[in-house]
Amino acid sequence: MNKQKLKGISDNLFQIRGSIDFYSASEIWKELEQKIFSLKKLTISFRNVNVVNSAALALILEAQDQASQRGVEITFVDIPEKIRRLAELSNVSDLIFSQ
């Protein structure tokens, strides 16, 4: 995986770096899914994400769904404004920002 990877900052804090598009989202998902399977609590930071499209929103929603099914507490921080707007337009902002 290249620079769009999910980087561990601490035991339960991970940071996505670079851009999130349709290609990189599937690569990021592979790593994120492993974290969801192995941890009970995790925080995902978007602080160093510089480009996003709707794939980022899909990544968040899938991660929330999988985490919920496994009883994992997942929190997203530093979410870019573009993702917030996409969530509002898609009527899913309550799912993402009710944390």
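Higher on the page you've got the structure.
Residues numbered from 1 in each chain as written. Predicted model: local features only at pLDDT ≥ 70, side-chain atom pairs only at ≥ 80, totals over all residues. Heavy atoms only, no water.

**Some thoughts on the packing of helix α2 (residues 54-70) against helix α3 (residues 81-89)**
Inference 1: Two elements in contact, α2 and α3, have axes whose closest approach is 9 Å; the angle formed by their N-to-C orientations is 75°. Judged by the inter-axis angle, α2 sits roughly perpendicular to α3. Mapping the contact onto sequence places S54, A56, L57 and I60 in α2 and I83, L86 and A87 in α3.
Inference 2: Across the contact of α2 with α3, the residue classes tally to six nonpolar, one polar and no charged. (Axes fitted to C-alpha atoms, helices over the stretch in contact; angles between N-to-C directions. Helix = DSSP H or I, 4+ residues; strand = E, 2+ residues; numbered from the N terminus. Parallel < 35°, antiparallel > 145°, perpendicular 65-115°, else oblique. Contact = heavy atoms within 4.5 Å. Nonpolar A, V, L, I, M, F, W, Y, C, P; charged D, E, K, R; others polar.)

**Observations regarding the sheet that holds strand β4 (residues 73-77)**
Inference 1: The four strands are arranged β1-β2-β3-β4 in an open sheet whose pairing can be described as mixed. Each end of this open sheet is capped by a strand with a single partner; those strands are β1 (6-8) and β4. The sheet shows a mean angle of 25° between the axes of neighbouring strands, direction not considered.
Inference 2: Both strand β2 (residues 13-20) and strand β3 (residues 41-52) contribute to a ladder of seven bridges, which runs parallel. Looking across to β3, one finds that R17 is bridged to N48.
Inference 3: Packed on one face of the sheet, helix α1 (residues 22-38) meets β1, β2, β3 and β4 and runs near 170° to β2.
Inference 4: Relative to β4, α2 is tilted by about 160°, and along the sheet it contacts β2, β3 and β4. (Pairing = 2+ DSSP bridges.)

**Observations regarding the packing of aromatic side chains**
Inference 1: The final tally for this structure, using the stated rule, is one aromatic pair.
Inference 2: Taking 6.2 Å as the distance between ring centres and 50° as the angle between the ring planes, the aromatic pair formed by F46 and F76 counts as tilted. Of this pair, F46 sits in strand β3 while F76 sits in strand β4, and the two are 30 residues apart along the sequence. As far as the burial class goes, F46 and F76 line up, both buried. (Phe/Tyr/Trp six-rings, centres within 6.5 Å; stacked < 30°, edge-to-face > 60°. Buried < 20%, exposed > 50% of the residue type's maximum accessible area, 1.4 Å probe, protein only.)

**Structural notes on the nonpolar core**
In globular proteins that are soluble, nonpolar side chains generally tend to be buried together.
Inference 1: Counting residues in each nonpolar core, the largest one holds 29 residues, and the members touching the most others are I16, I20, L32, I36, I44 and F46.
Inference 2: When residues of this core are traced back to their parent elements, those giving at least two are β2, α1, β3, α2, β4 and α3.
Inference 3: No other element matches the seven residues that α2 contributes to this core.
Inference 4: Contacts of I44, omitting those with residues within four sequence positions, involve L6, F14, I16, L32, I74, T75, F76 and V77. (Core = buried A, V, L, I, M, F, W, Y, C linked by side-chain atoms within 4.5 Å.)

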